[in-house]
Protein chains: 2
Amino acid sequence: MRILLTGSAGFVGSHLVERFLGEGHEVVGVDNYLSGQRRNTELFLRHPRFRFVEADVSAGLPVEGTFDAVLHFASPASPPHYQQHPVETLLVGAQGTQHALELARRDGATFMLASTSEVYGDPLVHPQPEDYWGHVNPAGLRSCYDEAKRYAEALTMAYHRHHGVDTRIIRIFNTYGPRMRADDGRVVTNFVNQALRGEPLTVYGEGLQTRSFQYVDDLVEGIIRLLGVSYHGPVNLGNPDEYTILDFAEIIRDLIDPRLGIVYEPMPADDPRQRRPDITLARELLGWEPRVPLREGLERTVASFREVGEGRPERVGVDA
Amino acid sequence: MRILLTGSAGFVGSHLVERFLGEGHEVVGVDNYLSGQRRNTELFLRHPRFRFVEADVSAGLPVEGTFDAVLHFASPASPPHYQQHPVETLLVGAQGTQHALELARRDGATFMLASTSEVYGDPLVHPQPEDYWGHVNPAGLRSCYDEAKRYAEALTMAYHRHHGVDTRIIRIFNTYGPRMRADDGRVVTNFVNQALRGEPLTVYGEGLQTRSFQYVDDLVEGIIRLLGVSYHGPVNLGNPDEYTILDFAEIIRDLIDPRLGIVYEPMPADDPRQRRPDITLARELLGWEPRVPLREGLERTVASFREVGEGRPERVGVDA
């Protein structure tokens, strides 16, 4: 297969490139490095079946040849990044998605949209199945990301229903692993950064609030399986196992330096929204479920953060 | 003021042109006649302060000079129209809104987005205040319109917060009046069309389900007032008075031909969603509330439908 992947220099994108190349496919990656990292491109630059085009998919896709699959993964995805770039985040969800859909339509290619659990917003239903419509404030501060992805889903369904494009939609829940950005701003990277710097780990409140995180290899496996079936509605891909924030802190501390302390600070007013996937559909449709245990995933993540430099991975790109 | 109005050949757009010209402003109208009507342009073509540009705002705004206000009203708005043109509806909400916002940003103009009560979807709260987040299925059949408008609101707020554009957002509830399209597909036009053809009026179920409709002049007055205040969040403009479907049928029947019958048919499965505006904000902010009584508004509407031809107003444009 010849595959076009937008967001190839992103965290998830880079793992998809690795997997597709490993399976013998040809990959054309596109990224503008708004939140992607140049070293994720450099990993594959010498591979004979990888080509890279630096471009903003919102402006168009200056790529040559035809494709069997078009995967649209380009977008800032962590709150600090999309709140820094709200307009760009909205445009890559609309114009970016449309350019990718048009390419898939032209080539008769399979299209996949990387959507997100953020389409559920501040959910009133736990866990969230795909037919939960979500709870999002269209005019709110986070709406640049949430509404961009909801729009991208609507556009994808319209191209499927109206233009017959063979589409897939995944809703990605919290994911962690090697090559996350060190300034991702979420709990796993925050703890790893602190521990690698030899600082105590900061827990807000009593640390008993729970989160669920999937290891990136599990997500990639789900993506590969979904590409192989003919199903066009949204599919949740995430790990429903919940751990307390304190669990994360203790595992990461123990992996890096068991002598480090844990300090407790008051809960901030804007504590991140909590979501947990209902993965019944992915189980039934794909025979898929997360396999990598939390401790093992965190070991691999910590190892990769150590490689790039003690708590300060090399940061390159536009906002370096 | 020099005003740019997209969707100038639409139902609401044409009433705005009339009002702005009446107040001494200069108006540049833009429409591609996807659902607008050529005769709404012809009404003003000889006016010295009106200019018209036939263009698709999703592709760009080929207009000259600078503007004091940019009003983005272009979009299919009735269910039969947006379901016939789902992709175009999504694009005019994203690319169209962005082109209009960029023009307002360039000129330091006031921008107004015509949003809709459909951002509330199938509401779980009645009536709907502006801070209700809505209940919309992003992958559903109606999402092409609902999500396009939610996205347009998010983009408008991002341009306001991030680029300092002086924005306004109105959420328009069901509106009726002269120059509605005869194939609008909603209850008022359906009844008027049937009665003018001398047919009995078709009521679904027992006709006791309620609807609220505002007369277009009330909406236009709310728009003018909102342009005059500095408020950037969404503002509901609609009439909260509820009437049963049978009320509408009887008033329209009596206005056109009291001898006509009313026939009852089973309620269809996809009976339109019901919404009722909470207009507390518009009352407090603008001193505005609907003034035109239903019977009077319907009289004027019926008179205009009679003028253009018995139940078959001249239909021009791409899908004539």
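Residues numbered from 1 in each chain as written. Chains lettered and ligands numbered in written order. Predicted model: local features only at pLDDT ≥ 70, side-chain atom pairs only at ≥ 80, totals over all residues. Heavy atoms only, no water.

- The name given to chain A in an unreviewed UniProt entry is UDP-glucuronate decarboxylase, and the organism recorded there is Deinococcus aerius.
- Comment text from UniProt for chain A, heading Cofactor (unreviewed entry), reads "NAD(+)". (UniProt positions renumbered as here; feature names shortened; annotations may be inferred.)

**A few points about the overall build of chain A**
Then comes step 1: Looking only at helices and strands, chain A has 10 helices and 13 strands in total.
Then comes step 2: In summary, chain A has a C-alpha radius of gyration of 19 Å against a globular reference of 20 Å for 320 residues, a match within 12%.
Then comes step 3: Here the C-alpha coordinates of chain A stretch approximately 60 × 45 × 40 Å along the principal axes.
Then comes step 4: Across chain A, the fraction of contacts at a sequence separation of at least 24, relative to all contacts at a separation of at least 6, is 80%.
Then comes step 5: Carbon and sulfur atoms form 47% of the exposed surface of chain A, whose accessible area is close to 12,200 Å². (Helix = DSSP H or I, 4+ residues; strand = E, 2+ residues; numbered from the N terminus. Rg over C-alpha atoms; globule rule 2.2 N^0.38 Å. Contact = heavy atoms within 4.5 Å. Areas by Shrake-Rupley, 256 points an atom, 1.4 Å probe, with all protein chains shown as cover.)

**Here's the deal with the sheet that holds strand S5 (residues 110–116) of chain A**
All names here are of chain A.
Then comes step 1: The 7 strands are arranged S3-S2-S1-S4-S5-S6-S11 in an open sheet whose pairing can be described as parallel. Either end of the sheet is taken by a strand with one partner, and the two such strands are strand S3 (50–54) and strand S11 (234–237). Neighbour-to-neighbour, the strand axes of the sheet open up by a mean angle of 20 degrees, direction not taken into account.
Then comes step 2: Here strand S2 (residues 26–31) runs beside S3; their pairing, made up of 5 bridges, is parallel. Following the sheet pairing, Asp31 is matched in S3 by Glu54.
Then comes step 3: Of the strands in this sheet, strand S1 (2–6), strand S4 (69–72), S5 and strand S6 (166–172) are in contact with helix H4 (residues 86–107), which crosses S4 at around 175 degrees.
Then comes step 4: Helix H5 (residues 143–163) rests against S5, S6 and S11 of the sheet, and its axis sits at about 155 degrees to S5. (Pairing = 2+ DSSP bridges. Axes fitted to C-alpha atoms, helices over the stretch in contact; angles between N-to-C directions.)

**Quick notes on the relation of the copies chain A and chain B**
Then comes step 1: After a rotation of 180 degrees and a shift along the axis of 0.0 Å, chain A superposes on chain B with an RMSD of 0.0 Å. Viewed as a symmetry operation, the transformation between the two copies matches a two-fold axis.
Then comes step 2: With an isologous cut-off of 70% or more, the 100% of interface residues of chain A that recur at the interface of chain B puts this contact in the isologous class. (Least-squares fit on C-alpha atoms with pLDDT ≥ 70 in both.)

**Topic: the confidence of the model for chain A**
Then comes step 1: On average, chain A scores 93 in pLDDT, and the residues at 70 or more come to 95%.
Then comes step 2: When the criterion is pLDDT under 50, residues 310–320 of chain A qualifies, and its contacts beyond four places in sequence or with other chains add up to 29 contacts. (pLDDT = per-residue confidence, 0-100.)

**Here's the deal with the environment of Glu18(A)**
Residues and elements named next belong to chain A.
Then comes step 1: Residue placement: Glu18 occurs in helix H1 (residues 11–22).
Then comes step 2: For Glu18, a relative accessible area of 39% puts it in the partly exposed group.
Then comes step 3: Along the backbone, Glu18 and Ile172 are 154 residues apart, and their C-alpha atoms lie at a distance of 19 Å.
Then comes step 4: Not counting the four nearest positions on each side in its chain, Glu18 is found in contact with Phe44 and Arg179. (Buried < 20%, exposed > 50% of the residue type's maximum accessible area, 1.4 Å probe, protein only.)

**With respect to helix H10 (residues 294–308) of chain B**
All names here are of chain B.
Then comes step 1: Taking 1.5 Å per residue, 15 residues should reach 21 Å; H10 reaches 22 Å between its end C-alpha atoms and fits that length.
Then comes step 2: When we look at burial in H10, the residues that qualify are Leu294, Gly297, Leu298, Thr301, Val302, Ser304 and Phe305. Along the long axis of H10, the arc covered by the buried residues comes to 160 degrees, so they all point the same way.
Then comes step 3: The inward-facing, buried residues of H10 contact strand S7 (175–176), helix H6 (187–196), strand S10 (214–215), strand S12 (243–244) and helix H8 (245–256). (Expected span 1.5 Å × (residues − 1). Arc of directions from axis to C-beta.)

**Considerations on the domain arrangement of chain A**
It is common to report an interface's size as the accessible area lost on association of the parts.
Residue and element names in this part refer to chain A.
Then comes step 1: When the domains of chain A are assigned, the result is domain 1 (2–175 + 214–237) and domain 2 (178–212 + 241–275 + 291–308).
Then comes step 2: Centre-to-centre, using C-alpha coordinates, domain 1 lies 26 Å away from domain 2.
Then comes step 3: Taken together, the contacts link 35 residues of domain 1 with 18 residues of domain 2.
Then comes step 4: Summed over both partners, the interface of domain 1 with domain 2 comes to about 2,100 Å²; 46% of that surface belongs to carbon and sulfur atoms.
Then comes step 5: At the boundary of domain 1 with domain 2, the tally comes to 3 salt bridges. (Domains from an automatic or database assignment. Buried area = accessible area lost by both parts, 1.4 Å probe. Salt bridge = Lys/Arg side-chain N within 4 Å of Asp/Glu carboxyl O.)

**A few points about the sheet that holds strand S4 (residues 69–72) of chain B**
All names here are of chain B.
Then comes step 1: Strand order in the open sheet formed by 7 strands is S3-S2-S1-S4-S5-S6-S11, with parallel pairing between adjacent strands. If you trace the sheet from one side to the other, it starts and ends with strand S3 (50–54) and strand S11 (234–237), each paired once. On average, each strand axis in the sheet is inclined to that of its neighbour by 20 degrees, with strand direction left out of account.
Then comes step 2: The sheet contact formed by S4 and strand S5 (residues 110–116) spans 4 bridges and is parallel. Within S5, the residue paired with Leu71 across the bridge is Met112.
Then comes step 3: Strands in contact with helix H4 (residues 86–107) are strand S1 (2–6), S4, S5 and strand S6 (166–172); relative to S4, the strand with the most contacts, it is inclined by about 175 degrees.

**Details of the pattern of salt bridges**
Between side chains of opposite charge, a pair can form as their charged atoms come close.
Then comes step 1: Tallied over the full model, the rule gives 48 salt bridges over all chains.
Then comes step 2: Linked through salt bridges whose partners overlap, the residues forming this network are Arg19(A), Glu23(A), Glu221(A) and Arg225(A).

**What about the UniProt feature "domain: NAD-dependent epimerase/dehydratase" (unreviewed entry) in chain A?**
Then comes step 1: The sites that carry the UniProt feature "domain: NAD-dependent epimerase/dehydratase" (unreviewed entry) are, in the present numbering, residues 3–229 of chain A.
Then comes step 2: With 39% helix and 19% strand, residues 3–229 of chain A has end C-alpha atoms that lie 17 Å from one another.

**Observations regarding the interface of chain A and chain B**
Then comes step 1: At the interface, 34 residues of chain A touch 34 residues of chain B.
Then comes step 2: Roughly 3,100 Å² is buried in total at the junction of chain A and chain B, and carbon and sulfur atoms are behind 64% of that figure.
Then comes step 3: When the buried surface of chain A facing chain B is broken down by residue, Trp133(A), Pro138(A) and Tyr151(A) rank first, second and third, together holding 23% of it.
Then comes step 4: Where chain A touches chain B, the interface holds 2 salt bridges.
Then comes step 5: For Arg150(B), the salt bridge identified is with Glu147(A), shortest N-O distance 2.9 Å.
Then comes step 6: At the junction of chain A and chain B, the tally comes to 12 residue pairs in polar contact (both at pLDDT 80 or more).
Then comes step 7: Only H4 and H5 of chain A provide two or more residues apiece to the side of chain A that touches chain B.
Then comes step 8: Top contributing element to the side of chain A that touches chain B by residue count: H5(A), with 14 residues.
Then comes step 9: Looking at the side of chain A that touches chain B, its residues break down into 18 nonpolar, 10 polar and 6 charged. (Polar contact = N/O pair within 3.5 Å; in protein donor to acceptor, adjacent residues only side chain to side chain. Nonpolar A, V, L, I, M, F, W, Y, C, P; charged D, E, K, R; others polar.)

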